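Descriptive structure summary
Listed here are the chains, written in short residue letters.
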Amino acid sequence: MGISSPGIGSNIPVDSIVSKLMAVESAPLADFDKKSASYLAQVSAFGNLSGALGSFQSALSGLTSLSGFQTMSATPGDTSILTATATGTAIPGSYRINVTQVAQAQTLASGGYKTTTAAIGTGAKTTINFSLGTVSGGSFGLTGTQLGASLSTGGLTPGALTINNTAIATDGTTRSARLLADAINAKSTTTGVSAKAAATVTSATLFGSGGASSFGDIDTSGGGTYSLSVGGVEIATQAAGVAGGAGITAASLDAALTGNTAVARALADANITVSGSAADGTLQFTNADGSNIAIAEAVSSTGTVTGGIGNAAGVANIGSSTTAVSSISLISADGSPISVGGTNPAGAGFTAGVGGAYLGASFTADSTRTSGNIVIDSSNNTLAGIVAAINKGNFGVTASIVSDGSTGTNATPNRLILTSSATGASSTMKITLSGSGGNPADPALEALLAYDPAGTQNLSQKAAAADTKATVNGIDVTSSSAGISGAISGVTLSTLKTGSTTLTIAKDSTALNSSVSGFVKAYNDLNSQITQLSGYNPDTKTGGPLLGDSTIRNLSASIRREMSSSITGLEGSKLTNLSQIGISFQKDGTLTLDSSKLGKAINDNYGDIAGLFAAVGRGTDPDVKFVSSTGKTQAGDYRVDITQLATQGTLQGTAVLPAETTIDADTTWTVTLNDTTPSNVNNTATITLPAGTYNPSQLATMLQSSINGVSAFSSAGATVTATVGDDGTLKLNSTRYGSKSNIHINTASGTSVATVFGGGTSVDGKDVAGTIGGYTATGDGQTLTGAAGAPIEGLKLTITGDTTGSRGSFGFSQGYAYQLNTLAAGYLGGDGAIASRTKGLNNTVKDITKQKDAFSARLTDIEARYRAQYTALDTSIASMNTTASFLTQQFAAMAKA
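Quick look at the structure, then. (Residues numbered from 1 in each chain as written. Predicted model: local features only at pLDDT ≥ 70, side-chain atom pairs only at ≥ 80, totals over all residues. Heavy atoms only, no water.)

**Examining the overall build of the protein**
Scanning the protein from N- to C-terminus turns up 18 helices and 56 strands. Residues counted as buried form 42% of the 897 residues belonging to the protein. In the protein, the share of contacts with a sequence separation of at least 24, taken over all contacts with a separation of at least 6, comes to 72%. For the protein, the accessible area works out to roughly 41300 Å², and carbon and sulfur atoms hold 52% of it. (Helix = DSSP H or I, 4+ residues; strand = E, 2+ residues; numbered from the N terminus. Buried < 20%, exposed > 50% of the residue type's maximum accessible area, 1.4 Å probe, protein only. Contact = heavy atoms within 4.5 Å. Areas by Shrake-Rupley, 256 points an atom, 1.4 Å probe, with all protein chains shown as cover.)

This is the structure:
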């Protein structure tokens, strides 16, 4: 192909001519770009509008529910003792709170083991049952032995006894259990330990035994004299010259000690009581406060005396003296172990070390708490295996292993630690063990784990299960957790430590002012953005990118219309529009807030302000409660009519429970709880019932705890209650209401279900049924929800109580914040009006781009045509120029010729 250069042959500027022609032809391209830029500017403007509307919606989100108006402040005087929160139902006032105890969980510890993997016991199959409950009666502490005999004469030397590392002030005057208890109690504030002296009782054989008296008749005919004193009270005297039988005898002693005698009254004044009789050898003296009782026979140094204590008639008496002493017990104030030390703790009746146990207590299982079993056999009879089995059980007890760090050949550093998962006095553990197949439990496992506050306690309590205890304005309150709710209406306390503080509840006008001011600002910010995007500036004679756009115009009009209308459905409210709380429109379309008017509304109609902003439901029946609504729920007053109340699934026994019911070893039942259609395997479990003999109340507690202890049930929130009716039958209830509430039990092994329930059958629960405002509503448990398409669509009410028929009226209102939030949601999101409008604009831009591309393609063809035409012209002119040149040459040649 040859080289071509347009215009060379003709001198015509082909490129210049074509360029100028194409400049004219391509002029419409600028119109395409202008249109695209205009539409893209609108897309960008809608993006800004979407952001502003999103910010507006975010500002409203905290105002659409009642929780956004919990504007009561709770201010403790000492925040190191407690913190507090208050809802809008709290009553302003000042309270004095004294926290005396903060809730804690029980912790038990075992003795030490050399390793965590060595086998414990023989591996015989042993079922271990854990139950949680409450300890009552008795105390937690140590019981001492009888005080040393030398104490009554020499006392207890200083430093002889320490309790929890605090020295007890003892000396030569500390000569009785009572005095030692007084010394210990003087330090109880420091040690957390008090002492109680046991009653002092004289020896049961002092005056004889086996029904025979060893007190011989006193004979002073030999010239001597005799007197007998008890606790410093002279109870009998005999002068010289009295023959045996004519003076003091066992019978005369009994006569002097019986009835309203001078001797009896003197002993009573000395706090000494009398039991038994000298005549049959059972005479004893008791001092209830633990003071020593000295029994002394005084015989004159001249003459002879026969008979008396331990001396038969005629046997010489040279006088005698004995002192009865008692013992003390130590009581821990909070159930913590007690540390005993000192140079001579044995003199006080104790052994140096740390210990403590429940003394004289009883245990009652808590039917609301879960219980459960684990099985230990040769596959897991190690500390590590036991820990894994307990933790897998998930029945309110966690296990761990702690090493005390001891080393050496005989070191046993590893200790099993058990902690109740929840705090509160009802979280005390009871651990019982049983064997299988008629065999006893493995003794080694018994030695490790058996724990009963009312019996054997092979584990050591390191921390007692305890409730939070406090007084509120002098009224005692308790809580199983560190939090206290209900003591002060609408207020929740969170205790941190013991101590006293004040608590002030007041209307938090600052927070409410902030919420209302936030609403005004959010609107003004949105309004400013709308004005900027869609307004016209007469000074610059320019309009915003969305000037005249119907979407933004409709949005602005809808917001203004909703904010200018009154709220309907506010049952009993005195506030129905924004102007009543000081919010009003200005001429420029912005909102302004009159703080003084808002303050007056807070003071006069505090409880009604929330209804102006949030979705609020109020009924005339207190057992009809508002749950939630949707954007389709219409405000109004609706009549509530109930045709059926929600019920629970039950298993009602028909057999009257006997005084005692025996559950055999290896008894297992299959329980299906709150099953669905189709059935879900997680709703069925096999439970093992602890073997034993139970009274009706204990049986109900055990069965309830065993079912609630199934982790699959508790994870799904499925629980039961077991009660014994007045007719003596046992009834199991699923705690859930409605058609999804059911309970079915079958015997797997051991004691049959019929032994407990007779011929009782299961009855499934039913959903609540009724109408709201005469419109159909769907029941789910105790919740009634308005049907789709009706004004009550999405309105959810909880129906409790025990009556059917008319349940009064229910007023539902949608406050401004709620309505505007719903309105904003309709414009935002993938299906919102803004997205739809933006999508249309983007599609238009795409169409313009396609049109531009097509036009550009046509321009290419036009340019090619122009170039072809001018190239042909160029060629023709070049040819003619060549011909002209040839002819000129020829004519010139001819002229020369």
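Once the structure has been displayed, the description carries forward.
**Regarding the packing of helix α10 (residues 509–534) against helix α11 (residues 550–564)**
Relative orientation of the contacting elements α10 and α11 amounts to 150°, with a least axis distance of 11 Å. By the criterion of interaxial angle, the relationship of α10 to α11 is roughly antiparallel. Helix-helix and strand crossings are classified by hand; for α10 and α11 the assignment is left-handed. Residues F519, Y523, L526, I530, L533 and S534 of α10 pack against I552, L555, S556, I559, R560 and M563 of α11. Among the residues forming the contact of α10 with α11, the class breakdown is 9 nonpolar, 2 polar and 1 charged. (Axes fitted to C-alpha atoms, helices over the stretch in contact; angles between N-to-C directions. Parallel < 35°, antiparallel > 145°, perpendicular 65-115°, else oblique. Left-handed = near helix turned anticlockwise from the far one by under 90°. Nonpolar A, V, L, I, M, F, W, Y, C, P; charged D, E, K, R; others polar.)

**Thoughts on the sheet that holds strand β45 (residues 667–673)**
With antiparallel pairing, the 3 strands of this open sheet are ordered in space as β46-β45-β50. Where the open sheet ends on each side, the last strands, each with one partner, are β46 (684–689) and β50 (743–749). Ignoring which end each strand starts from, the neighbouring axes of this sheet average 30° apart. Pairing of β45 with β50, which is carried by 6 bridges, proceeds in the antiparallel orientation. Across the sheet, residue T668 finds its bridge partner in β50, namely S749. The strands that helix α14 (residues 696–708) touches are β45, β46 and β50; relative to β46, the one it contacts most, it runs at about 140°. (Pairing = 2+ DSSP bridges.)

**Focus on the nonpolar core**
Counting residues in hydrophobic clusters, the biggest one holds 65 residues, and the most contacted among them are L53, V491, L503, F519, I581, I583 and F613. Considering every element that reaches this core, the biggest residue donor is α10, with 9 residues. Leave out the neighbours within four places in its chain, and L53 touches L526, L555, A824, Y827, L828 and I834. (Core = buried A, V, L, I, M, F, W, Y, C linked by side-chain atoms within 4.5 Å.)

**Focus on helix α1 (residues 14–25)**
Because an α-helix completes one turn every 3.6 residues, residues spaced three or four positions apart along the sequence face the same direction. In this model α1 runs 16 Å from its N-terminal to its C-terminal C-alpha over 12 residues, within 8% of the 16 Å that 1.5 Å per residue would give. Every buried residue of α1 is listed here: V14, V18 and M22. Angular distribution of buried residues about the axis of α1 spans 55°; they occupy a single face of the element. What points out from α1, more than 90 degrees from its buried face, is the exposed set K20 and V24. Of the surrounding secondary structure, the elements contacted by the buried residues of α1 are α18 (833–896). (Expected span 1.5 Å × (residues − 1). Arc of directions from axis to C-beta.)

**What to know about the pattern of salt bridges**
One pass over the full model with this rule turns up 9 salt bridges. The shortest N-O distance in the salt bridge between D604 and K600 comes to 2.7 Å. Of this pair, D604 and K600 both sit in helix α12 (residues 595–605), 4 residues apart, which is roughly one turn of the helix. Accessibility expressed as a relative area gives 46% for D604, which makes it partly exposed. (Salt bridge = Lys/Arg side-chain N within 4 Å of Asp/Glu carboxyl O.)

**Focus: the sheet that holds strand β14 (residues 226–230)**
A sheet is described by the order of its strands in space; here 4 strands give the open sequence β15-β14-β18-β20, paired in antiparallel fashion. In the strand order of this sheet, the two ends are held by β15 (233–238) and β20 (320–324), each with one partner. The average undirected angle you get between the axes of adjacent strands in this sheet is 10°. Most of the contacts of helix α7 (residues 262–269) go to β15, to which it runs at about 150°, and overall it touches β14 and β15.

**Re the pairing of strand β34 (residues 491–495)**
Where burial is concerned, the two faces of β34 differ: the one with V491, L493 and T495 is buried and the one with T492 and S494 is not. In terms of strand pairing, strand β2 (residues 82–86) meets β34 through 5 bridges, oriented antiparallel. Considered in β34, the bridge of T85 is made with T492. Connecting the antiparallel pair strand β33 (residues 483–485) and β34 is a turn made up of 5 residues, with G486 showing a positive phi of about 95°.

**Focus: the packing of aromatic side chains**
The geometry of two aromatic rings is summed up by the distance between their centres and the angle between their planes. By the definition in use, this model includes 8 aromatic pairs. Chaining the aromatic ring pairs together yields one cluster made of F207, F215 and F285. The ring of F585 has R560 sitting right over it, with the charged end atom 3.8 Å from the ring centre. (Phe/Tyr/Trp six-rings, centres within 6.5 Å; stacked < 30°, edge-to-face > 60°. Lys NZ or Arg CZ within 6 Å of the ring centre and 35° of its normal.)

**With respect to the packing of helix α2 (residues 28–61) against α18**
In helix packing, the relevant descriptors are the interaxial angle and the interaxial distance, both defined with respect to the helix axes. Relative to each other, α2 and α18 sit at 165°, their axes nearing to 9 Å. It follows that α2 is roughly antiparallel to α18 by the angle criterion. The handedness of the crossing between α2 and α18 is left-handed. Of the residues belonging to the contact of α2 with α18, the class tally is 15 nonpolar, 8 polar and 4 charged.

**Considering a nonpolar patch on the surface**
Taken together, the side chains of F886, L887, F891 and M894 make up a nonpolar region of the molecular surface, amounting to roughly 450 Å² of accessible area. Residue position: F891 is located in helix α18. (Patch = residues over 30% accessible without salt bridge, like charges linked within 9 Å, V, L, I, M, F, W, Y side chains within 5 Å.)

**What about the environment of L180?**
Looking at where L180 falls in the secondary structure, it is placed in helix α4 (residues 177–185). For L180 and I168, which are 12 residues apart along the polypeptide, the C-alpha to C-alpha distance reads 8.8 Å. Setting aside anything within four residues of it in sequence, one finds L180 in contact with L147, L156, L161, T170, T174, I328 and A348.

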